[in-house]
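# Breakdown of the fold
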There are 2 protein chains.
Amino acid sequence: MRKRKGAGRPTIADVANKAGVSTITVSRALRDPAMVSDHLRRKINNAVRKLNYVPHSHASALASTRSNIIGVIVPSLTNNVFAESLRAIYDAFGQGAFQVQLGNSRYVPAEEERLVRTFLGQRPSAMIVAGTDQTDVTRQLLENAECPVVQIMDVGDDPIDMIVGFSHFEGGKAAGVHLVQQGYKRIGFLGARMDPRSYRRLEGFKEALQFGGRYDPDLIMTTTVSSSVSLGAELIAQFCARRPDLDAVFCNNDDMALGALFGCQKAGLSIPDDIGIIGFNDLEMMAAAHPSLTSIRTDRYAIGRHAVEMIQSVLSGETPDKKIVDLGFELQVRQSTSRAK
Amino acid sequence: MRKRKGAGRPTIADVANKAGVSTITVSRALRDPAMVSDHLRRKINNAVRKLNYVPHSHASALASTRSNIIGVIVPSLTNNVFAESLRAIYDAFGQGAFQVQLGNSRYVPAEEERLVRTFLGQRPSAMIVAGTDQTDVTRQLLENAECPVVQIMDVGDDPIDMIVGFSHFEGGKAAGVHLVQQGYKRIGFLGARMDPRSYRRLEGFKEALQFGGRYDPDLIMTTTVSSSVSLGAELIAQFCARRPDLDAVFCNNDDMALGALFGCQKAGLSIPDDIGIIGFNDLEMMAAAHPSLTSIRTDRYAIGRHAVEMIQSVLSGETPDKKIVDLGFELQVRQSTSRAK
DNA sequence: GTTTGCGATGTTAGCGCTAACATAATGTTA
DNA sequence: TAACATTATGTTAGCGCTAACATCGCAAAC
C-alpha cells in the first residue's frame, strides 16, 4: 500500500470531519456562505478556525478549471510610470477574489515571451501587458490564451484583444509643436532608454519640427542606457557643449527633464530663457520643481483602472463598448518653456 | 456517464499520446530533460510545440505538494524605495523556476494580514514581507507558515524567521548628529506618511538633537498624508512661515527633501546657508540636484538580493549563517548641508 | 394523503499533474 | 554465463478541491 505524504496541512476533509459534514458543504460554506444553513456554517467556521485551515488555491484552481490570477507584465518596476498603472490594478483587483501576478520583462522582448508562457501556465483569468511591441510568438500565445488580454500604455489599430493608453506619436508631436510655437529655434531631443514608445514620441516630435521648419537631425541625442536624473544632467551638459546654440530640449521622460534642469542650472544657463525644457508623463515632481517643468501629462492610474474595468466587463459576460480606448494626454505648460519671446 | 469539461487545452496526456510515450516521460522531459533519452526528448518537444502545450502549474503544484511561488508583500508600489528591493527580488527569482507573487498592503496592517492569508493559500516556497510591524495574527500565520520568511527594510532582535535591513533609529540619529555637527542651531524634522519606520527615524533624530542640546519639539512637523515632492515644497513653506528661524531640516525621505529644496528656492532662501536639508534613502536624484542633496544612503537593492540569498540557502537545505542581517547605511554629505560655518 | 417543488446536503468522479513503485533494456563484473 | 548494477520508461494511485448529479426533508398544492 503506497501512500503519498501530502503537505501535512489540514485539508477540507479535516474540516468536514471536525464539523461533521461533507467536504462539499465546507467548500460551499467557504465560497458562498449563503448556500449553507446558519447552523452548519457556524460549525464549519469554528472548525476552520480551530484547525487553522487555509484553502489550497492550487487544488481549487485545478478542480474548477479556473484560477483567480490576473497576469500583469511591465518592462520596469522602478519606472514610476508603470508603478502608477500597477497601483490602479492592485487597487481594483487586490480587494476581491483575484490575485495579481506581476512580471518584469526589463524591456527585453524575449523575457516578456518567457513570462507570458509561464503566466499562461497558470491559466490566468486575464492578462495585462505593457505596450504593443510583443514578439510574434508572444502575440500568438496571447491570442490563443482564451482569456481577456489588455495591452496598456499605448494605442493602435490592431490590438491582441483590447488596448487602453494614448498615442506616443501624438504626444511627441504636441511637445514639438509647443516648442516651435514658443519661438524656440534650435530644438533638440534628449532620449535615454529608447524603447519603442520613446521612438514613437521621437517620430511625432520630428514631424512637428519638420512641419515647423526646425528639424535638425544633429540635435537628436539618444542612448539605450536607463534614464535617470543624473543621466539627464550629464547628457544635457554634453549636448550644450557640442551644440552651444541649442535653445530647447524635449526629454523622452521626466527624470531626464529634471536632470536637464539641474544640468543647466549647474552650467549657469537660465531656464526658460537660455534653454526651454519639456518632459513627458508629468510626474508629480514636475509641477513642484523650481522653475516648474512643462510636460505632457498622461493618466497612468486611469489607464490601469480602465484596463481592469474592461477585464471585469468581459469576465462578467458583457461585451465591452470599445476594444480600443485612447485616453489621450494633455500638454501642461509651465515655467520651463514660458519665456519672454 | 458524467464528464467534466476541463479547460479544453492540451494536457500532458495529449502530448504523451502524440509523442507515443507515457505521461510521466513527458513530465520528466519537461522538468529535467537529462532524465529522458535524446530520441524521445526530441519527439516530445515536437509534440509540445505542435500542440502549443503549456504545463498547468496548478496541477503540478497540487501533485508535487509544492508550489514555486515566492510571496512578497510591500506597503507601496510607487515608493521607489520598495521598487528597488523588488527589482532585486525579481532579478534573482525571475529567471529560475520561481514565480514572484506581489502584494500591496498600502501601509494598512489589516490589509497585510489579508494578503498573508491569501498568499499562504498558495503554499508558497517562501515569503518576504516589509518591516517588522505586523499584527499579532499576521505574525502567527507567518510563524506557522512552514516556509522561510524574511522581513526586509528593517532590523530587530526578534524576527519572525529571518530579517535583513538597517536600523531606522540609527539612520535618523546619524542625520541629527550631522546637522548638529555642521553647526545648525534650530533643526527641524519634516515627515510625511509617518509609518512606523519613519517614527523610528524620528526617535533616533530626537536622541541626537537632545544629546547635542538642540532639541525643540516645536520643530517637529509631521503628517500622515503620502509624501511627495509637491508636499515637501508646500510644507517647508508653511514651516518657514511659522518658524522663520528654522535653519536646517531632516526630511523623512528624499521626495520630501527634494520638495523642500524647491520650496526654499521659491522662497528665495539659499541652500545650505539659510537652511540645510538632509533626506533619507539617497535616491539617485539626490546627487544630481542643484545644489546636490545630503542624504542617508541605504542599499535597497542589496536588501532584496540578500533576502533572496537567505531564502535560497534555506530552500537548498543549508542553515543560513545569520538570521539577522544589518546592512547599515551611509551618510552622504553633499552641498545641501555643507555651509560655511 | 399523495404529489410537487425547492432548498439544503451528500456521493462520486474527475481536474492535470507527479511520487512511488514496477519493469524492461542495457551494460558490467566475476 | 549468471548475477548484478544501472538506466530508461511505464503503471498506478493519489495531491485537495469542486462539477455534476443524487437524495433527502419539508412545506405548499392538489
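All figures in this text were calculated on a predicted structure; none of them were measured in a lab. (Residues numbered from 1 in each chain as written. Chains lettered and ligands numbered in written order. Predicted model: local features only at pLDDT ≥ 70, side-chain atom pairs only at ≥ 80, totals over all residues. Heavy atoms only, no water.)

### Here's the deal with the overall build of chain A
Within chain A one finds 13 helices and twelve strands. Scaling as 2.2 N^0.38, a compact globule of 341 residues should have a C-alpha radius of gyration of about 20 Å, whereas chain A reaches 26 Å, well beyond that. Principal-axis analysis of the C-alpha atoms places the extent of chain A at approximately 85 × 40 × 35 Å. Per-residue burial over chain A gives 54% buried out of 341 residues. Sequence separation of at least 24 residues holds for 69% of the intrachain contacts in chain A that already meet a minimum separation of 6. As displayed, chain A offers around 14400 Å² of accessible surface, 50% of which is attributable to carbon and sulfur atoms. Of the side-chain charges in chain A, 40 are positive and 37 negative, and the distance between the mean point of each set is 11 Å. (Helix = DSSP H or I, 4+ residues; strand = E, 2+ residues; numbered from the N terminus. Rg over C-alpha atoms; globule rule 2.2 N^0.38 Å. Buried < 20%, exposed > 50% of the residue type's maximum accessible area, 1.4 Å probe, protein only. Contact = heavy atoms within 4.5 Å. Areas by Shrake-Rupley, 256 points an atom, 1.4 Å probe, with all protein chains shown as cover. Lys, Arg positive; Asp, Glu negative; His and termini not counted. Charge placed at Lys NZ, Arg CZ, Asp CG, Glu CD.)

### What about the domain arrangement of chain A?
A common measure of how large an interface is: the accessible area buried when the components associate. In terms of domain boundaries, chain A breaks down into domain 1 (12-55), domain 2 (69-166 + 300-328) and domain 3 (168-297). Between the C-alpha centres of domain 1 of chain A and domain 3 of chain A the distance comes to 62 Å. (Domains from an automatic or database assignment.)

### With respect to the packing of aromatic side chains
One pass over the structure, following the stated rule, counts 13 aromatic pairs over all chains. Each ring, one from Phe189(A) and one from Phe205(A), has its centre 5.7 Å from the other, and the planes form 45°; the classification is tilted. Placement of Phe189(A) in strand β6 (residues 187-191) and of Phe205(A) in helix α9 (residues 196-212) is noted, with a sequence separation of 16 residues between them. Assessed through its relative accessible area of 0%, Phe189(A) is described here as buried. A residue is classified by how much of its surface remains accessible, and Phe205(A), at 1% relative accessible area, is buried. Each ring, one from Phe189(A) and one from Phe250(A), has its centre 5.5 Å from the other, and the planes form 75°; the classification is edge-to-face. Here Phe250(A) lies in strand β8 (residues 248-251) and Phe189(A) lies in strand β6, a separation of 61 residues in the sequence. Residues Phe189(A) and Phe250(A) agree in their burial class; the two are buried. In this structure an aromatic cluster arises from ring pairing among Phe166(A), Phe189(A), Phe205(A), Phe250(A) and Phe280(A). Stacked on the ring of Phe280(B), the Lys or Arg Arg201(B) has its end atom at 4.2 Å from the ring centre. The ring of Tyr184(B) carries the charged tip of Arg339(B) above its face, separated from the ring centre by 4.1 Å. (Phe/Tyr/Trp six-rings, centres within 6.5 Å; stacked < 30°, edge-to-face > 60°. Lys NZ or Arg CZ within 6 Å of the ring centre and 35° of its normal.)

### Quick word on the nonpolar core
Judged by nonpolar contacts, the single largest core of 142 residues is most densely connected at Leu258(A), Ile277(A), Leu258(B) and Ile277(B). What Leu258(A) contacts, discounting residues up to four positions off in sequence, is Val229(A), Met285(A), Ala289(A), Leu293(A), Leu258(B) and Phe262(B). Counting 14 residues, the second-largest nonpolar core is a separate cluster that includes Ile73(A), Phe119(A), Val129(A) and Cys147(A). (Core = buried A, V, L, I, M, F, W, Y, C linked by side-chain atoms within 4.5 Å.)

### Let's talk about the UniProt feature "domain: HTH lacI-type" (unreviewed entry) in chain A
When the UniProt feature table is mapped onto this chain numbering, "domain: HTH lacI-type" (unreviewed entry) sits at residues 10-64 of chain A. What you have in residues 10-64 of chain A is 71% helix and 0% strand, and the ends, taken at the C-alpha atoms, are 20 Å apart. (UniProt positions renumbered as here; feature names shortened; annotations may be inferred.)

### Side note on the relation of the copies chain B and chain A
Its rotation angle being 180°, the transformation that places chain B on chain A also includes 0.2 Å of axial translation and leaves an RMSD of 0.2 Å. What the superposition gives is, in effect, a two-fold axis relating one chain to the other. Considering only C-alpha atoms, the part of chain B nearest the rotation axis is His58(B), at 2.3 Å. An overlap of 100% is found between the interface residues of chain B and their copies at the interface of chain A, pointing to a shared contact surface. (Least-squares fit on C-alpha atoms with pLDDT ≥ 70 in both.)

### Observations regarding the pairing of strand β5 (residues 162-165) of chain A
All names here are of chain A. The alternating pattern of β5 places Met162 and Val164 and Ile163 and Gly165 on opposite faces, both of which are buried. Pairing of strand β4 (residues 149-152) with β5 involves three bridges; the strand directions are parallel. Bridge pairing in β5 places Val150 opposite Met162. Of the pairings in the sheet, the one linking β5 to strand β11 (residues 324-326) comprises three bridges and is parallel in character. Looking at the pairing, Gly165 lines up with Asp326 of β11. (Pairing = 2+ DSSP bridges.)

### Points about the environment of Asp321(A)
All names here are of chain A. Along the chain, Asp321 turns up in the loop between α13 (300-315) and β11. The class of Asp321 is exposed, set by a relative accessible area of 79%. As for Asp321 and Asp38, which are separated by 283 residues in sequence, their C-alpha atoms are 41 Å apart.

### Focus: the environment of Asp245(B)
All names here are of chain B. Along the polypeptide, Asp245 turns up in the loop between α10 (229-242) and β8 (248-251). Exposure remark for Asp245: the relative accessible area of 29% places this residue in the partly exposed category. Taking the C-alpha atoms as reference, Asp245 lies 9.4 Å from Ile187; in sequence the two are 58 residues apart.

### A short note on the sheet that holds strand β6 (residues 187-191) of chain B
All names here are of chain B. Judged by pairing direction, the sheet is parallel, and its four strands sit side by side in the order β7-β6-β8-β9 without closing on themselves. A single partner strand is all that each edge strand has here, and the edge strands are β7 (220-222) and β9 (276-278). Averaged over all neighbouring strand pairs, the angle between strand axes comes to 15°, with direction disregarded. One ladder, built from four bridges, connects β6 with β8; its direction is parallel. The residue bridging Gly188 from the neighbouring strand is Val249, located in β8. Strand contacts of helix α9 (residues 196-212): β6, β7 and β8, with the helix running at about 175° to β6, the strand carrying the most contacts. Docked against the sheet, helix α11 (residues 254-266) engages β6, β8 and β9, running at close to 160° with respect to β9. (Axes fitted to C-alpha atoms, helices over the stretch in contact; angles between N-to-C directions.)

### As for the interface of chain B and chain A
With 64 residues of chain B at the contact, the number on the chain A side is 64 residues. Here chain B and chain A share an interface that buries about 5600 Å² over both sides, 49% of which is from carbon and sulfur atoms. At the junction of chain B with chain A, the criterion picks out two salt bridges. The residue Asp91(B) makes a salt bridge to Arg106(A) at a minimum N-O spacing of 3.0 Å. Linking chain B with chain A are 24 residue pairs in polar contact (both at pLDDT 80 or more). Listing elements by their share of the side of chain B that touches chain A, those giving two or more residues are α4 (57-64), α5 (80-94), β2 (99-104), α6 (109-120), α7 (136-143), α10, α11 and α12 (285-288) of chain B. Considering every element that reaches the side of chain B that touches chain A, the biggest residue donor is α5(B), with eight residues. Among the residues making up the side of chain B that touches chain A, the classes are represented as 26 nonpolar, 25 polar and 13 charged. (Buried area = accessible area lost by both parts, 1.4 Å probe. Salt bridge = Lys/Arg side-chain N within 4 Å of Asp/Glu carboxyl O. Polar contact = N/O pair within 3.5 Å; in protein donor to acceptor, adjacent residues only side chain to side chain. Nonpolar A, V, L, I, M, F, W, Y, C, P; charged D, E, K, R; others polar.)

### So, the environment of Phe98(A)
All names here are of chain A. Within the secondary structure, Phe98 is located in the loop between α5 (80-93) and β2 (99-104). Phe98 sits in the partly exposed class, given a relative accessible area of 24%. Taking the C-alpha atoms as reference, Phe98 lies 8.5 Å from Ser125; in sequence the two are 27 residues apart. Setting aside residues up to four positions removed in sequence, Phe98 forms contacts with Asn68, Ile70, Phe93, Ser125 and Leu315.

### A short note on the packing of helix α8 (residues 168-181) of chain B against α9(B)
Residues and elements named next belong to chain B. Running from amino to carboxyl end, α8 crosses α9 at an angle of 35°, the nearest separation of the two axes being 6 Å. The crossing of α8 and α9 is right-handed. Contacts between α8 and α9 involve His168, Phe169, Gly172, Lys173, Gly176, Val177, Leu179 and Val180 from the former and Arg197, Arg200, Arg201, Glu203, Gly204, Phe205, Glu207, Ala208, Leu209 and Gly212 from the latter. For the contact of α8 with α9, the residue count by class is seven nonpolar, five polar and six charged. (Left-handed = near helix turned anticlockwise from the far one by under 90°.)

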